[in-house]
Amino acid sequence: MNIKHRILTLCIVLCSSMVLFGQQVTDLRLNEMLVVNDSNYVDEYGRHVPWIEIFNTSYNQVNIAGCYLTDDTTGLSKGDASRWYRIPTTDPTTWIPQRSSKVFFLDNSPLYGTYHTNIDPNTSSTHYIALINSNGKTLIDMFVYPEALLTSTQSFGCYDDGISTKVENGKKVKNMGMLPYATPGSVNKVQMGATKSEHLQKSDPHGIGLAVISISVVFAALIMIFIMLKIFGYTATRKDRKAKKEQVADTVAATSTVKVAANEVGPTGEELAAITMALHLFFNSQHDEESEVITIDMPSKHYSPWAQKNLLMKKVIRRR
Amino acid sequence: MKEFFIEGLQQFFNYSGFANCEWGNLIMIVVGLIFITLAITKEYEPMLLIPIGFGIILGNIPFTDGLQVGVYENGSVLNYLYFGVLKGVYPPLIFLGIGAMTDFSALISNPKLILIGAAAQCGIFAAYAASLALGFTPMEAGAIGIIGGADGPTAIFISSKLAPSLMGAIAISAYSYMALVPVIQPPIMRLLTTPKERLIRMRPPRAVSHREKVMFPLLCILLTAFLVPTGLPLLGMLFFGNLLKESSVTKRLANTASNALIDIVTILIGLTVGCSTQASTFLKVESILIFVLGAFSFVIATACGVLFVKLFNLFLKEGNKINPLIGNSGVSAVPDSARVSNVEGLKYDKTNFLLMHAMGPNVAGVIGSAVAAGILLSFLY
């Protein structure tokens, strides 16, 4: 395998691994958390316990089974997962659909079920929850919460689902804070306003604005292709044009040479005509006389599937 | 024993189509039969009208609910096949086949023809405005407007996203008008052109190199998809199919896409779209309005194409002028509208063949309608 092939194979492998990676647990984000749960979400035992929400930011379903949740990332580089909560791999409900979330209870009761972890933020010495990949070495997301959350009845999380930072005026700023509503298991950004279509109906009731914009965009797209094709055409025909120019120049040069030559030493037009006529008569007189016997040369047999005998015959069925 | 016998027969009768039949079903079955008759006797788009017509008959055979046989019943065979329509799977596959069949040489050799394809998309947005005026919601209006693109797969793709409840009527309307291209377009073309204009002879197209043909789909997808990413499924498949054809090293793939694959998908899309026109969901005033609006958008699209050529000719030198009879080909009914241009051109000059010239705007129409669909999706979806 030469070097070019190696590079190509490497690129293909990298691209495919990126695609695979794009549909995996790395798309998960810790999205919202509530510690003082007095009257909010209840678990299957009817208890109000702290919870954290994991959001799938991708447009594919992702299986969270095998990943770890912890409030202490010591041993992350060594893959030491002995103290972390491992999400069971045997539960089929661990698949998170696209742009959806799952709620895990931080109740330090891992034996209560898949969604009950060994974490309790009220007794934890750290103020973060980490989501770690099943290999025990890759940190997927870390959710750092303020100390105030331990006493607040509001939840803390991302204003836009799964987006913990955003860029404002060229600077990276936090996109997290105390949320007005606790929304376990559903999106944080509650849509209160009109939909895209309703908004459009209000702002452009006759559809003229949309028509003008759309036609402009269609024209813009096709004009871009038009320009591209023009450049194409110009480049493609450049050689032809050059060749044509050279040919014309050659012809002009040749004609002028002949003219010059004719003016200097050559015969006149009448003389040339006389010479041509003489040659014509001479060659015609040399013509032989035909024997007037027609000979027919039969062509050799050409192959044709139409002439194949076995194709024209009906096959006889053999009895066994 | 006698009672059991009578009860059994009665029960059997109650399950039969005769007991559940309504006038709507019969009307739709007649419509299906008309489609099949038109396809066989008049040869109006037989590849589409026969599957659709038969689908209409299948979809309107009355049955008792819950037997898992209807197209709208979860778990039925037809429902599984309808999934491809509902989720917009089939239209991009058809575009793949179209791409593998289409020769863009006419367009590459005479790029100005591409602008006719853009002008003809006006029909889409005129129908959108008209639909809004008639009380349809913006999403429904967008789905109805796309009929003006004269592109069945695009119409299905957009209606599956924007107005799934109207998909049957929109698809039937789009395919019907596509089949009626030779009937609808010529009168508009004659009305908007002068006898002198119809005699314009266009310069023969130059030969297009292999490199140009290969570069065309690659550059086109980059230009159009960056501008309208929502059109990616349609545009991506169209240009991918074309690359398979023009690269000349994937002949087998191009052959499959342009023959077996497109045939299979055409059968499935035609049949299931036909099935979706159950009388209970199809026979409504809305459907009639959709048909009227579809015709309107088609007329506007044709007229805009022709008028644009006339306008364009004002800026072109003598010898470079375009015959306005190819303006109708801006709609993406490939190759029917190009054929109509050729037939009309030959009526006025028996040696003026416009087919190759008309193929330029015709394929530009395919690109234009896919771009327009992408724009509608980005605004409304």
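Small disclaimer: the values here were computed from a predicted structure and weren't measured.

Asks: Could you give an account of the interface of chain A and chain B, naming the residues involved and the relevant values?
Replies: Taken together, the contacts link 30 residues of chain A with 41 residues of chain B. Together chain A and chain B conceal approximately 2,900 Å² of surface at their shared face, both sides included; 85% is due to carbon and sulfur atoms. Per-residue buried area on chain A facing chain B is highest for L222(A), L229(A) and F232(A); these three make up 19% of the total on that side. The interface formed by chain A and chain B includes zero salt bridges. Between the two partners, chain A and chain B, sit zero residue pairs in polar contact (both at pLDDT 80 or more). Contributing elements (two or more residues each) for the side of chain A that touches chain B: helix 2 (196-203) and helix 3 (208-264) of chain A. Per element, the largest residue contribution to the side of chain A that touches chain B is 22 residues, and it comes from helix 3 of chain A.

Asks: Describe the pairing of strand 7 (residues 101-105) of chain A, and please don't skip the residues or the numbers.
Replies: Residues and elements named next belong to chain A. Of all five residues in strand 7, four are buried, a share of seventy percent or more. Here strand 2 (residues 51-56) runs beside strand 7; their pairing, made up of five bridges, is antiparallel. Bridge assignment links I54 to a residue of strand 7, and that residue is K102.

Asks: Quick rundown of the packing of aromatic side chains? Include the residues and the values.
Replies: Applying the stated criterion across every chain yields a total of 13 aromatic pairs over all chains. Centroid distance Y41(A) to F105(A): 5.8 Å. Interplanar angle 15°. Geometry classified as stacked. Highlighted residues: Y41(A) in the loop between strand 1 (28-34) and strand 2 and F105(A) in strand 7, separated in sequence by 64 residues. On the basis of an interplanar angle of 50° and a centroid distance of 5.8 Å, the ring pair of F219(A) and F308(B) is categorised as tilted. Residue F219(A) is located in helix 3, and its partner F308(B) is located in helix 19 (residues 285-313); the two belong to separate chains. We classify F308(B) as buried; its relative accessible area is 16%.

Asks: If you had to explain a nonpolar patch on the surface to someone new, which residues and values would you point to?
Replies: Together, L272(A), I275(A), L279(A), F282(A) and F283(A) make up an exposed nonpolar region whose accessible area comes to about 510 Å². By the secondary structure assignment, F283(A) is in helix 4 (residues 269-285).

Asks: Tell me about the pattern of salt bridges, and name the residues and values.
Replies: Residue and element names in this part refer to chain A. Enumeration over the complete set of coordinates arrives at 11 salt bridges over all chains. Salt-bridge contacts for R47 lead to D43; the nearest nitrogen and oxygen are separated by 2.8 Å. The network of salt bridges with shared partners includes D43, R47 and D107.

Asks: How would you sum up the nonpolar core? Please name residues and give values.
Replies: With 119 residues, the main nonpolar core has I225(A), L107(B), F216(B), I322(B) and I367(B) as its most contacted residues. The leading source of residues in this core is helix 21 (residues 355-380) of chain B, at 14 residues. With near-sequence residues (within four places) excluded, L107(B) lies in contact with L229(A), L113(B), I114(B), F216(B), G360(B), V363(B), A364(B) and I367(B). Core analysis: the next-biggest nonpolar cluster, separate from the first, contains 32 residues, V25(A), L28(A), L34(A) and F143(A) among them.

Asks: Outline the sheet that holds strand 2 of chain A, supporting the account with residue identities and numerical values.
Replies: Residue and element names in this part refer to chain A. On the basis of which strands lie adjacent, the open sheet formed by five strands has the order 7-2-1-10-13 and antiparallel pairing. Sheet topology places strand 7 and strand 13 (176-178) at the edges, where each strand pairs with a single neighbour. Taken pair by pair, the neighbouring strands of this sheet meet at an average axis angle of 30°, ignoring direction. Relative to strand 2, strand 1 is paired through six bridges, and the arrangement is antiparallel. Each bridged residue has a counterpart across the sheet, and for L34 the counterpart in strand 2 is W51.

Asks: Give a detailed account of the pairing of strand 12 (residues 171-174) of chain A, specifying residues and quantitative values.
Replies: Residues and elements named next belong to chain A. With four bridges joining them, strand 11 (residues 165-168) and strand 12 adopt antiparallel strand pairing. For V167, the partnering residue across the bridge sits in strand 12 and is K172. Between the end of strand 11 and the start of strand 12, which pair antiparallel, lie two residues, with N169 showing a positive phi angle near 50°.

Asks: Provide a residue-level description of the confidence of the model for chain A, including the pertinent values.
Replies: Residue and element names in this part refer to chain A. Averaged over every residue, the pLDDT of chain A is 81; the share at 70 or more is 81%. When mean pLDDT is taken per element in chain A, strand 7 scores highest with 93 and helix 5 (residues 309-312) scores lowest with 61. Low pLDDT (under 50) marks residues 18-22, which in the prediction has four contacts with non-local residues, meaning those over four places away or in another chain.

Asks: Report on the domain arrangement of chain A, specifying residues and quantitative values.
Replies: Parsing chain A into structural domains produces domain 1 (20-192) and domain 2 (194-248). When each unit is reduced to the centre of its C-alpha atoms, the spacing between domain 1 of chain A and domain 2 of chain A is 47 Å.

Asks: How would you explain helix 11 (residues 152-162) of chain B if you had to name every residue and give the values?
Replies: Think of an α-helix as turning once every 3.6 residues; residues three or four places apart then point the same way. Taken across its 11 residues, helix 11 of chain B has 10 buried, putting it largely inside the fold. Buried residues of helix 11 of chain B: G152(B), P153(B), T154(B), A155(B), I156(B), F157(B), I158(B), S159(B), S160(B) and L162(B), and no others.

Asks: Got a sec to walk through the packing of helix 11 of chain B against helix 12 (residues 167-179) of chain B? Specific residues and values, please.
Replies: Residue and element names in this part refer to chain B. Where helix 11 contacts helix 12, the two axes come as close as 9 Å, and the packing angle between them is 165°. By the angle between their directions, the pair helix 11 and helix 12 is classed as roughly antiparallel. As helix 11 packs across helix 12, the resulting crossing turns out to be right-handed. Contacts between helix 11 and helix 12 pair G152, P153, A155, I156, S159 and S160 from the former with M167, I170, A171, A174, Y175 and M178 from the latter.

What counts, and where the lines are drawn
- Residues numbered from 1 in each chain as written.
- Chains lettered and ligands numbered in written order.
- Predicted model: local features only at pLDDT ≥ 70, side-chain atom pairs only at ≥ 80, totals over all residues.
- Heavy atoms only, no water.
- Contact = heavy atoms within 4.5 Å.
- Buried area = accessible area lost by both parts, 1.4 Å probe.
- Salt bridge = Lys/Arg side-chain N within 4 Å of Asp/Glu carboxyl O.
- Polar contact = N/O pair within 3.5 Å; in protein donor to acceptor, adjacent residues only side chain to side chain.
- Helix = DSSP H or I, 4+ residues; strand = E, 2+ residues; numbered from the N terminus.
- Buried < 20%, exposed > 50% of the residue type's maximum accessible area, 1.4 Å probe, protein only.
- Pairing = 2+ DSSP bridges.
- Phe/Tyr/Trp six-rings, centres within 6.5 Å; stacked < 30°, edge-to-face > 60°.
- Patch = residues over 30% accessible without salt bridge, like charges linked within 9 Å, V, L, I, M, F, W, Y side chains within 5 Å.
- Areas by Shrake-Rupley, 256 points an atom, 1.4 Å probe, with all protein chains shown as cover.
- Core = buried A, V, L, I, M, F, W, Y, C linked by side-chain atoms within 4.5 Å.
- Axes fitted to C-alpha atoms, helices over the stretch in contact; angles between N-to-C directions.
- pLDDT = per-residue confidence, 0-100.
- Domains from an automatic or database assignment.
- Parallel < 35°, antiparallel > 145°, perpendicular 65-115°, else oblique.
- Left-handed = near helix turned anticlockwise from the far one by under 90°.

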